[in-house]
Structures are given as structure tokens and as C-alpha cells.
Amino acid sequence: MDRKKFDLILKIACVCFAVIAVVLFVFGIVYDGDHLLTKILMIVVALLSLALAGELAYLVWFSDKGDAPNYFLYDSNTKKNVSVDKLTFGIVSKRMDRYFANYAPSEGKLWTDGVLDTPDINMEEAFKPLIAYKLLFDLADRDMEKGWKCFEMASYQTVDFICSAIEMNGEAEVAGNIRKMKQVQPFQIRYIRDYLVSNKDYLQTKMMMYVRDNIEKFQ
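Residues numbered from 1 in each chain as written. Predicted model: local features only at pLDDT ≥ 70, side-chain atom pairs only at ≥ 80, totals over all residues. Heavy atoms only, no water.

Asker: It is not clear to me how the side chain of Asp-138 should be interpreted in this structure. Could you clarify?
Answerer: Structurally, Asp-138 is set in helix α5 (residues 128-142). Residue class for Asp-138 comes out buried when judged on its relative accessible area of 4%. (Helix = DSSP H or I, 4+ residues; strand = E, 2+ residues; numbered from the N terminus. Buried < 20%, exposed > 50% of the residue type's maximum accessible area, 1.4 Å probe, protein only.)

Asker: How should the side chain of Asn-70 be read in this particular structure?
Answerer: As for its position among the elements, Asn-70 is in the loop between α2 (36-62) and β1 (74-75). Within the local environment of Asn-70, its side chain forms a polar contact with the side chain of Gln-219, the two groups lying 2.7 Å apart. Residue contacts for Asn-70: discarding those within four places in its chain leaves Asn-81, Ile-215, Phe-218 and Gln-219. (Polar contact = N/O pair within 3.5 Å; in protein donor to acceptor, adjacent residues only side chain to side chain. Contact = heavy atoms within 4.5 Å.)

Asker: Explain the pattern of salt bridges to me, please; I cannot follow it from the model alone.
Answerer: Close approach of charged atoms allows side chains with opposite charge to pair. Going through the model one piece at a time under the given rule, you end up with 12 salt bridges. Ionic pairing is found between Arg-142 and Glu-107, a salt bridge with its closest N-O pair at 3.5 Å. Placement of Arg-142 in helix α5 and of Glu-107 in helix α4 (residues 107-112) is noted, with a sequence separation of 35 residues between them. Across the salt bridge formed by Asp-138 and Arg-142, the nearest N and O atoms sit 3.6 Å from each other. Of this pair, Asp-138 and Arg-142 both sit in helix α5, four residues apart, roughly one helical turn. What makes Arg-142 partly exposed here is its relative accessible area of 46%. Here the salt bridges share partners, and the residues they tie into one network are Asp-97, Glu-107, Lys-134, Asp-138 and Arg-142. (Salt bridge = Lys/Arg side-chain N within 4 Å of Asp/Glu carboxyl O.)

Asker: I would appreciate a short explanation of the packing of helix α7 (residues 156-167) against helix α8 (residues 172-183) in the present structure.
Answerer: For any two helices packed against each other, one specifies the crossing angle of their axes together with the interaxial distance. It is at 8 Å that the axes of α7 and α8 come closest, and there the two elements cross at 170 degrees. One way to sum up the angle between α7 and α8 is to call them roughly antiparallel. α8 is crossed by α7, and the crossing has right-handed handedness. Contacts between α7 and α8 involve Tyr-156, Val-159, Asp-160, Cys-163, Ser-164, Ile-166 and Glu-167 on the former and, on the latter, Ala-172, Val-174, Ala-175, Ile-178, Arg-179, Lys-182 and Gln-183. Taken together, the residues that form the contact of α7 with α8 break down as eight nonpolar, two polar and four charged. (Axes fitted to C-alpha atoms, helices over the stretch in contact; angles between N-to-C directions. Parallel < 35°, antiparallel > 145°, perpendicular 65-115°, else oblique. Left-handed = near helix turned anticlockwise from the far one by under 90°. Nonpolar A, V, L, I, M, F, W, Y, C, P; charged D, E, K, R; others polar.)

Asker: What exactly am I supposed to notice about unusual backbone geometry here?
Answerer: Among all residues except glycine, the phi angle is most often negative; among peptide bonds, the trans geometry is most common. Of note, the bond from Gln-185 into Pro-186 is cis; its omega dihedral lies within 30 degrees of zero at -5 degrees. With respect to the element layout, Pro-186 can be found in the loop between α8 and α9 (189-198). Within the chain, Lys-79 stands out as a residue other than glycine whose phi angle is a positive 60 degrees. Position of Lys-79 among the secondary structure elements: in the loop between β1 and β2 (80-81). Residue classification places Lys-79 among the exposed positions, given a relative accessible area of 58%. One non-glycine residue, Asp-143, adopts positive backbone phi at about 45 degrees. Counting through the fold element by element, Asp-143 comes out in the loop between α5 and α6 (145-153). Asp-143 sits in the partly exposed class, given a relative accessible area of 30%.

Asker: Before we go on, may I ask you to explain the environment of Tyr-191 in this structure?
Answerer: For Tyr-191, the position within the fold is in helix α9. It is 15 Å that separates the C-alpha atoms of Tyr-191 and Phe-137, two residues lying 54 residues apart in sequence.

Asker: Explain the packing of aromatic side chains here, please?
Answerer: The relative placement of two aromatic rings is captured by the distance of their centres and the angle of their planes. Scanning the entire structure with this criterion turns up 12 aromatic pairs. Seen in terms of ring centroids, Phe-127 and Phe-218 are 5.0 Å apart; in terms of plane orientation they differ by 70 degrees. Their pairing is edge-to-face. With Phe-127 in the loop between α4 and α5 and Phe-218 in the segment after α10 (200-213), the pair connects residues that are 91 residues apart, well separated along the chain. Each member of the pair Phe-127 and Phe-218 is classed as buried. In this structure an aromatic cluster arises from ring pairing among Tyr-71, Phe-72, Tyr-99, Tyr-103, Phe-127, Tyr-210 and Phe-218. (Phe/Tyr/Trp six-rings, centres within 6.5 Å; stacked < 30°, edge-to-face > 60°.)

Asker: Before we go on, may I ask you to explain the state of the cysteines in this structure?
Answerer: This model, assessed by the stated rule, comprises zero disulfides. With no disulfide of its own, Cys-14 lies 9.2 Å from the sulfur of Cys-16, the closest cysteine sulfur. By relative accessible area, which is 9% here, Cys-14 ends up buried. With relative accessibility at 41%, the residue Cys-16 sits in the partly exposed group. (Disulfide = S-S within 2.5 Å.)

Laid out in C-alpha cells, this is it:
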């Protein structure tokens, strides 16, 4: 639920409690029945309703709500979101490392343990292209034998997840090339290595562009 809808709900609730408070308070004062307890209860409930209305009014109109924390922009020291202009690749990369930790103890495990094979994996759609870009970029940036071995050992479902994720960002050609290289038998590590290493800067740029263009999706 976005902030505007939430504020609207709070405003409606505030008005409702205020109306209830006024009605009960008036009836409580003018009540002339035989049951004193009824009169007292109406006044007590009226006061409670008025207190709730006041609290909601404070939340809506007077409290300093600030911006909702953004996954990539939030600064835990200042308790505020920084400007998107101050966002660096280093920050994005570290936040993605933290995101990965929710699913596996290492990136290698994300490749080899079938974590990404589950169709109903509890993962936000907006993060999927980032997961793919990050995994592919890190293979190229680190350029280590064990990293390329992880790609070789990855299931076709895992590689397809990564390819489908970058296709969400218009990367049909890159996704098609990666699928073809995964299907080559016997597998040739040098093909995928040369392709990703030569496109390392491109992957980094696309990763940053995706975050900036979709920054509001990471609230």
C-alpha cells in the first residue's frame, strides 16, 4: 500500500472516531435514564474515541513521517534516504550481497544448489534482473576458475532463471547467447568466460541503470 492511500485511511478513521466521540459525548450528557453506568460508559468511550482521533490526527498532519526507507538509498547513520545521484555501484553491489544472504551462504551456492530453480521462490520481481546482473558481473569481475565452474555446474533451470530475469530488462540477445553457451556439449568454459569478461563494463552499466530507473520499486 502506498503512502497516499495509507494517509487517506488514517484521515477517514480520524474523522470517524471524532464523530463517534462527539455523538457519544452529547448523548452521555443529555442521557436521563435510570442507568448511571450507561451514562458513564458513553462518556468514557467518547473520551477514548476523542483520544484516538487526536492520535490519528497527529500521525497524519503533524508527525515527521519522512521518506520510506529505500533498500539502496537508506543511510542507517542519518536515518534518511540519500539522493539517487549519490548512489554508487559499490553501494548497490554491497546491498545485493546482503540480499543474497537471505537465500544462500554464498554466490556459489546460488549457482549450484538449485536455489533459483524453485518457481515460487519468495523473491520480489523488481530484484530479479538485479540478481542476474550481479551474478553475471561477479563472475566476470572476479574471473576465477571456481566461479566459471559454478556456471558449468549450475542447472539449466538456474541459468534460465538468470536469462529470463535479464530479459525482463530487454536483454533478449544477451540471454539468448548465455543459453546457447550453457547448452554446448561438451561444455566450454572459455566461451562463457570470454563473453562475460568482454561485457563486464556493459553489465555494470546496465545494473546501475536498472536501479536508477526503478529506484521507487525498492521502497
